[in-house]
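# A structural walkthrough
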Number of protein chains: 2
Amino acid sequence: MRIGFIGLGNMGAPMAANLVKAGHQVTGFDTAAPMPAGVTPAASAAAAAAGAEVVITMLPNGAILRAVAAQVIPAMRPGAVLCDCSTVDVDSARAVAAEATAAGLGALDAPVSGGVGGAAAGTLTFMVGGTEAAFATVRPLFEAMGKKVVHCGASGAGQSAKICNNMILGVTMIATCEAFALADKLGLDRQKMFDVVSTSSGSSWSMTAYCPAPGVGPQSPADTGYRPGFAAELMLKDLRLSQQAAGAVDADTPMGELAARLYATFVEDEDGRGRDFSAMLPRFEKRHRG
Amino acid sequence: MRIGFIGLGNMGAPMAANLVKAGHQVTGFDTAAPMPAGVTPAASAAAAAAGAEVVITMLPNGAILRAVAAQVIPAMRPGAVLCDCSTVDVDSARAVAAEATAAGLGALDAPVSGGVGGAAAGTLTFMVGGTEAAFATVRPLFEAMGKKVVHCGASGAGQSAKICNNMILGVTMIATCEAFALADKLGLDRQKMFDVVSTSSGSSWSMTAYCPAPGVGPQSPADTGYRPGFAAELMLKDLRLSQQAAGAVDADTPMGELAARLYATFVEDEDGRGRDFSAMLPRFEKRHRG
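Residues numbered from 1 in each chain as written. Chains lettered and ligands numbered in written order. Predicted model: local features only at pLDDT ≥ 70, side-chain atom pairs only at ≥ 80, totals over all residues. Heavy atoms only, no water.

### Here we look at the layout of surface pockets
Space inside the largest pocket adds up to approximately 1300 Å³. What lines the largest pocket is a set of 49 residues, and nearest its centre among them are M11, M58, G115, V116 and L234 of chain A. Of all elements in the fold, only α3 (62-72), β7 (112-113), α5 (115-121), β8 (124-130), β9 (146-153), α7 (157-185) and α10 (232-249) of chain A reach the threshold of two or more residues within the lining of the largest pocket. Top element by residues in the lining of the largest pocket is α5 of chain A. It accounts for four residues. Broken down by class, the residue content of the lining of the largest pocket amounts to 23 nonpolar, 20 polar and six charged. Here the second largest pocket is characterised by a volume of approximately 1100 Å³. Together, 36 residues line the second largest pocket, and M11, G114, G115, V116 and F230 of chain B are the ones closest to its centre. Mapped by element, the contributors of at least two residues to the lining of the second largest pocket are β7 (112-113), α5 (115-121), β9 (146-153), α7 (157-185) and α10 (232-249) of chain B. Tallied by class, residues from the lining of the second largest pocket come to 14 nonpolar, 17 polar and five charged. (1 Å grid on protein atoms, 1.4 Å probe; cavity = no way out; pocket = protein on both sides within 12 Å on 5 of 7 lines; lining within 4 Å. Points joined across faces, edges and corners; volume = space filled by probe spheres on them. Helix = DSSP H or I, 4+ residues; strand = E, 2+ residues; numbered from the N terminus. Nonpolar A, V, L, I, M, F, W, Y, C, P; charged D, E, K, R; others polar.)

### Points about the relation of the copies chain B and chain A
Mapping chain B onto chain A is achieved by rotating through 180 degrees and translating by 0.0 Å along the same axis, at an RMSD of 0.0 Å. Taken together, the rotation angle and the small translation identify this as a two-fold axis. Considering only C-alpha atoms, the part of chain B nearest the rotation axis is S204 of chain B, at 1.9 Å. By residue overlap, the copies meet face to face through one surface: 100% of the interface positions of chain B are interface positions in chain A. (Least-squares fit on C-alpha atoms with pLDDT ≥ 70 in both. Contact = heavy atoms within 4.5 Å.)

### Describing unusual backbone geometry
Cis geometry marks the peptide bond from P228 of chain A to G229 of chain A; its omega dihedral reads 15 degrees. You can see G229 of chain A is positioned in the loop between α9 (205-208) and α10. One non-glycine residue with positive phi stands out, namely Y226 of chain B, at about 65 degrees. On the basis of relative accessibility, which here comes to 7%, the residue Y226 of chain B falls in the buried class. If you check the backbone angles, D250 of chain B has positive phi at about 60 degrees while not being a glycine. Relative to the helices and strands, D250 of chain B is located in the loop between α10 and α11 (254-268). (Buried < 20%, exposed > 50% of the residue type's maximum accessible area, 1.4 Å probe, protein only.)

### Structural notes on the packing of α3 of chain A against helix α4 (residues 90-102) of chain A
All names here are of chain A. Packing of α3 against α4 brings their axes to within 9 Å, and their N-to-C directions diverge by 10 degrees. The pairing of α3 with α4 is recorded here as roughly parallel in orientation. Seen from α3, the contacting residues are G62, L65, R66 and A69; seen from α4, they are D91, S92, A95 and V96. Grouping the amino acids of the contact of α3 with α4 by side-chain chemistry returns four nonpolar, two polar and two charged. (Axes fitted to C-alpha atoms, helices over the stretch in contact; angles between N-to-C directions. Parallel < 35°, antiparallel > 145°, perpendicular 65-115°, else oblique.)

The structure is reproduced here in structure tokens:
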């Protein structure tokens, strides 16, 4: 397939490389990042999009996505699909999809989970919103870049699923970390805490797959000094997107709101920036009741 | 084994019945509840404890445990073990264990999870604090009443493990419910939400084993009108115990604190009393952002 790929940063570059490896013709554009091997450079986003059957975007936020879409959509050929893999606000995802549809294009929002490691290994999960037809067109590309693809519904459903998942994740990680710190102060051994919780009703992915306590449970960023992994500032970004969406649809999300506040404090006022989001555990170790 | 069993309510009665079924001689006392079949009634707590090798208590709270222990400890024969299966505050658990130890007795705190259903089926989980010797004595009784036993450490470790687990559980259930309500308002199908989250990083026991959305995931109280299950007021009790413990050891537990506040509102000011703790989902469906 002929693919235009716009945004070749930490995530986009290995994703594009996996498309090249799968035999696709990839033309790329980025304002700053170098081209991965095998990707043909274009002089602009519009030029990268011009001949493509599918245009993939991997961009930092909704404002940049809207700006790029405004350049790209007029350049795309009729019937091509614009597939945004960025994590952005639901409103931007829906607005861009509506513009693409009005221009006679297919459109998907397809945010990923799995991080830079998953992008390099080709093991990302894609959560996809858009029509069946557009989904069917792009599916082989998702399968070249990831190992799991869920078609969640119409435009915006991919972004909705991602922010709902990550809102739960942020809350659950903080709860797991504060419970470990409480258990420490109560004199409960961390391995015993893991043994009980990981097999009981307090169990979660945060505990069983990504345990925030060093030396306990499976290998995780806690075992390498909380080097990300999934950086605290990216969790903060996703929590803020969840709160933006909750505000837009008048949903009450008190736990998500508190998680956003705690990660904001951690990243902006404490030492959280550049650390894994599970470094909430050493944070709580040092804290006292307010 | 000769067992004294004090507190034969909703939980104690089926637990005592399983001990009888396993061939033990059980003498029981309760201020109100009838004796289960096969349990010999005693005239007082002290009388139930007098000839026993192990005395099991299953009581509503720490104050009642302390009062019962004051009657029972002097009546017990030297070397017998006092095993409290109630969920109480860590301080009461440790105080009673210290009194029993001073009187030449063994002592365990062994709170359970699994509820009335688990008590009847003999599938409870026991989280146990106390000495190896006392644990070894009572272990066959745990195995007659449950299917999983974790020796968590010294006195108080069982209660500590239980409240840490249930603090995470309360937080995670609320987060899962508010995320479902947000997903609804964003137009994301609940089955898709379950498909994504249950296999992603937002996954937890609350989602995969006890999904709060009716008709989605495994059979749970949501499928029978939120009949407990695990009642909201019992979750509130455990969250308050976690906050009492956090206060006593100066631990910062902001998520646990918010969960306790939300369940208090649900049980005391709304329609939560008598409903399953997963009925937070219909609560959030009706709510607006504050």
